Amino acid sequence: METKNAWVEPAIATCAVVVLLALSYQILAPFIAALAWAGILVYASWKPYEKLSKLMRGNRLLPAVLLLGLFALVIVLPLVIAGVELAGNMDGISHWLQVHIEAGLPPLPHWLSSMPWVGPKLAEFWSGLSQGDPEVINRLKEWMKPLGSVLLLFGKAIGSGLLLMLMSLAFAFFFYIGGHEIVRWFIRVLNKIGGKRAEELLMIAAGTVRGVVYGFIGTALVQGALAWFGYWLVGIENAAAFALVSCFLSLIPGGPSVLGLPVALWMYQQGDTGWAVFLAIWMLAVVSMADNVVKPLFIGKESNLPFVLILVGVLGGALAWGMLGVFLGPTLLAVSYALLHNWAARKIEEEDRAAETGDQAPNDPAQ
């Protein structure tokens, strides 16, 4: 009888473990993005943290506080300043638009109205808008409704992303303090699951994380700072907000120019020809080209992520985790890509070696 029921206790124990893991996941789910980002930041800065700890005679608390203060200064503070600046000028932007619509809009540029197919329709719409045609204004209001919801979602994403970043810094503090124990436990678990191969894959993932953080995020910060300097120099209001958008766009090759060139064109239409030309050259020759200088210096050969995965990582990460996902998405995709690429390359190498020697593959049961 005991032999027949020997499976009952293991089955109950397995079900209990599954239920426990499911409940634990539900508890951790809201914090997974923050925990992942904290782990990425701590790993990427672990060597400087260790050096600071040695300089401070083994003190682990003060180096953690210093590095987290640096992260807050470089990442969080610009986001807060840009958000406050943009929110404080929203009323001014709305008032400016209302005054210019009531006073009459300037004529549409000739090159725009003379465009084939679209030009005449644009000129007709612009003329109706400047004359206060009720039908045109109602049509414009209908078009603006989705824009309002998009701006609301964008503001919500910025707010949630900022909250996640602050939580990440709090988690990172505890990761710094107990980092050695966490890594030791994690490696033991990996060895139990996959042996030496799992530890090797962990090293590949770690190198990819370091390359992506130093490369993509370092480049984003550098290009954002250069874009801010250009906007500030030419006298653009809300320069910090434009720099924040440029920082996100810099994750895509040539992204900052998507914003910078229309701003330069707007300045040209306002009569600031010299500053418009300067801004266009600055965005194309300095900000966009910085990507070709900074990223190879930081990444090296550790992460050669295809462009389509970068784009999917940025957009998918933003949809999943808001502003934090813009950085976290490409990082996680880069790690997955590196692991799969390494696994596929290793399999091909083993098959080629087996074909050359005439032996069977190493994982062949007949060996």
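In what follows, the structure referred to is the one given above.
Residues numbered from 1 in each chain as written. Predicted model: local features only at pLDDT ≥ 70, side-chain atom pairs only at ≥ 80, totals over all residues. Heavy atoms only, no water.

Caption draft 1: Molecular detail of the overall build of the protein chain. From N to C terminus, the protein chain includes 13 helices and zero strands. Along the chain direction, N to C, the helices and strands of the protein chain fall in the order α-α-α-α-α-α-α-α-α-α-α-α-α. Within the protein chain, buried positions represent 31% of all 367 residues. Put simply, 68% of the contacts in the protein chain that link residues at least 6 apart link residues at least 24 apart. Approximately 22,800 Å² of the protein chain is accessible, and the part contributed by carbon and sulfur atoms is 71%. (Helix = DSSP H or I, 4+ residues; strand = E, 2+ residues; numbered from the N terminus. Buried < 20%, exposed > 50% of the residue type's maximum accessible area, 1.4 Å probe, protein only. Contact = heavy atoms within 4.5 Å. Areas by Shrake-Rupley, 256 points an atom, 1.4 Å probe, with all protein chains shown as cover.)

Caption draft 2: Region of the structure containing empty space enclosed by the protein. On inspection of all chains with the given rule, the structure shows one cavity of 30 Å³ or more. Lining the largest cavity we find Trp 37, Leu 41, Ile 75, Val 76, Met 165, Ser 168 and Leu 169. For the lining of the largest cavity, the elements supplying multiple residues, two or more each, are helix H2 (32-44), helix H4 (61-103) and helix H7 (134-177). At three residues, H7 tops the list of elements feeding residues into the lining of the largest cavity. Of the residues belonging to the lining of the largest cavity, the class tally is six nonpolar, one polar and no charged. (1 Å grid on protein atoms, 1.4 Å probe; cavity = no way out; pocket = protein on both sides within 12 Å on 5 of 7 lines; lining within 4 Å. Points joined across faces, edges and corners; volume = space filled by probe spheres on them. Nonpolar A, V, L, I, M, F, W, Y, C, P; charged D, E, K, R; others polar.)

Caption draft 3: The nonpolar core, seen in detail. Within the largest apolar cluster, 38 residues are counted, with the highest numbers of intra-cluster contacts made by Trp 37, Tyr 176 and Phe 327. Mapped by element, the contributors of at least two residues to this core are H2, helix H3 (46-55), H4, H7, helix H8 (179-233), helix H9 (239-249), helix H12 (307-321) and helix H13 (323-357). Setting aside anything within four residues of it in sequence, one finds Phe 327 in contact with Trp 37, Met 165, Ile 217, Ala 220, Phe 248 and Leu 251. Core analysis: the second largest hydrophobic core is formed by 15 residues, Ile 236, Leu 279, Ala 280 and Met 283 among them. (Core = buried A, V, L, I, M, F, W, Y, C linked by side-chain atoms within 4.5 Å.)

Caption draft 4: Region of the structure containing unusual backbone geometry. Of note, Arg 57 is a non-glycine position whose phi angle comes to about 60°, a positive value. Checked against the element boundaries, Arg 57 lands in the loop between H3 and H4. Among the residues examined, Arg 57 registers a relative accessible area of 84% and is labelled exposed.

Caption draft 5: Looking closely at the pattern of salt bridges. Applying the stated criterion across every chain, the model contains one salt bridge. Residues Arg 60 and Glu 50 are paired through a salt bridge, measuring 3.5 Å at the closest nitrogen-oxygen approach. Here the residue Arg 60 occupies a position in the loop between H3 and H4, and Glu 50 occupies one in helix H3, the gap between them amounting to ten residues. (Salt bridge = Lys/Arg side-chain N within 4 Å of Asp/Glu carboxyl O.)

Caption draft 6: Here's a closer look at helix H10 (residues 255-269). Given a rise of 1.5 Å per residue, 15 residues ought to cover 21 Å, and the 23 Å separating the end C-alpha atoms of H10 matches this to within 8%. Among the residues of H10, those classed as buried are Gly 255, Pro 256, Ser 257, Leu 259, Gly 260, Val 263, Ala 264 and Met 267. Relative to the axis of H10, the buried residues are bounded by an arc of 165° and lie together on one face. After H10 finishes, the residue Gly 271 shows a positive phi value of roughly 100°. (Expected span 1.5 Å × (residues − 1). Arc of directions from axis to C-beta.)

Caption draft 7: Quick look at the environment of Lys 51. With respect to the helices and strands, the residue Lys 51 is situated in helix H3. Residues Lys 51 and Pro 63 lie twelve residues apart in sequence; the distance between their C-alpha atoms is 9.0 Å.

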